[in-house]
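Inside the fold
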Amino acid sequence: MRRQLSSLELRCVIRELRALVGLTVDKAYHFDGFNVLVRLKGQRKGAILISSGSFVIASDVDIPEGALPTSFAMLLRKHISGARLVDVRQEGFDRIVRFTFSGAEGQRELVVELFGSGNVILLHDGVIVQPLTVRSWAKRILKSQETYLPPPPPLDITLLTGEKTAEILAGSKSDIVRTLASVAGLGGSFAEEACAIAGVEKSAKASQLAPEDVAKLHNAVMGLLAAAETGAIEPYAIMSMENPIDFSPFKLRIHEGVMERVFVTFGEAVQF
């Protein structure tokens, strides 16, 4: 099971990744084209597992010793081996995670982009040392020696007001669930959950919602955000027969009655 994390799910991932702050980098690996593993050590062991374009999680996965390191793995080892992980943060409400490492040669950042086909970019003082994949757009270039510029930021629902919610819904040409999933960055499952909490029909046109339903939806979205940031993490994978088909960091009413497999961490559910 592989899908991209939504911005809201990334909030939950960040909470687990921050538990790794204070550990030092043991060794970095790059394998299967788009996967990067940063193994950490200290008072305990840990690892950051990146599947470019899909997810980034705290993981205990290991790489068989003897695997030949790629040039990107060797670059990471040169710059961050022995460095201490000092910060993990999400870029606004985008699907971008920044890891800050502090070592003998100063600070380095590892930026993970989880939209599109994804990327992993090593920075020094805001300048790209090397991206996993070189890419360019009209106003954005990801290659060595270029200043790193994130894409234009999406809507940050942590700053969302009731008035802004009403404006977004009124200006939408789509239904409620698609508007919440894309514009608000909730992803499909949490958009459906917000509709279920608010008691509105998910397929109804967003622009035709009554003011009282808009208020209920706004409160539902804010409740989901609070759950992702400070609520209890109760991760599980949704199963079809013996196959995982989706996952969630905490219980959703839209999944009531489905077959599920429970995990200790959200990272385990994502990786399953």
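Refer to the structure presented above.
Being a predicted model, the structure only gives us computed values, none of them experimental.

Basis of the calculations
Residues numbered from 1 in each chain as written. Predicted model: local features only at pLDDT ≥ 70, side-chain atom pairs only at ≥ 80, totals over all residues. Heavy atoms only, no water. Helix = DSSP H or I, 4+ residues; strand = E, 2+ residues; numbered from the N terminus. Rg over C-alpha atoms; globule rule 2.2 N^0.38 Å. Buried < 20%, exposed > 50% of the residue type's maximum accessible area, 1.4 Å probe, protein only. Contact = heavy atoms within 4.5 Å. Salt bridge = Lys/Arg side-chain N within 4 Å of Asp/Glu carboxyl O. Pairing = 2+ DSSP bridges.

1. Some words on the overall build of the protein
Helix and strand counts for the protein come out as seven helices and 14 strands. Against the 2.2 N^0.38 benchmark of 19 Å for 272 residues, the protein shows a C-alpha radius of gyration of 20 Å, consistent with a compact globule. Principal-axis analysis of the C-alpha atoms places the extent of the protein at approximately 60 × 45 × 30 Å. The buried share of the protein, reckoned over its 272 residues, is 48%. Considering only residue pairs separated by 6 or more positions, the protein has 54% of its internal contacts joining residues 24 or more positions apart.

2. Some remarks on the pattern of salt bridges
Counted under the stated rule, the structure contains 14 salt bridges. Of the charged contacts, one joins Arg 178 and Asp 175 as a salt bridge, the two residues approaching to 2.4 Å between their closest N and O atoms. Overall, Arg 178 belongs to the exposed group, its relative accessible area being 54%. Each of Arg 89, Glu 91, Arg 98 and Glu 109 takes part in one network of salt bridges that share partners.

3. Description of the pairing of strand S5 (residues 84-90)
In terms of strand pairing, S5 meets strand S6 (residues 96-103) through six bridges, oriented antiparallel. If you follow Val 88 over to S6, its bridge partner there is Phe 99. Hairpin connection between S5 and S6: a loop of five residues separates the two successive antiparallel strands, and Gly 92 in this loop has a positive phi of roughly 60 degrees.

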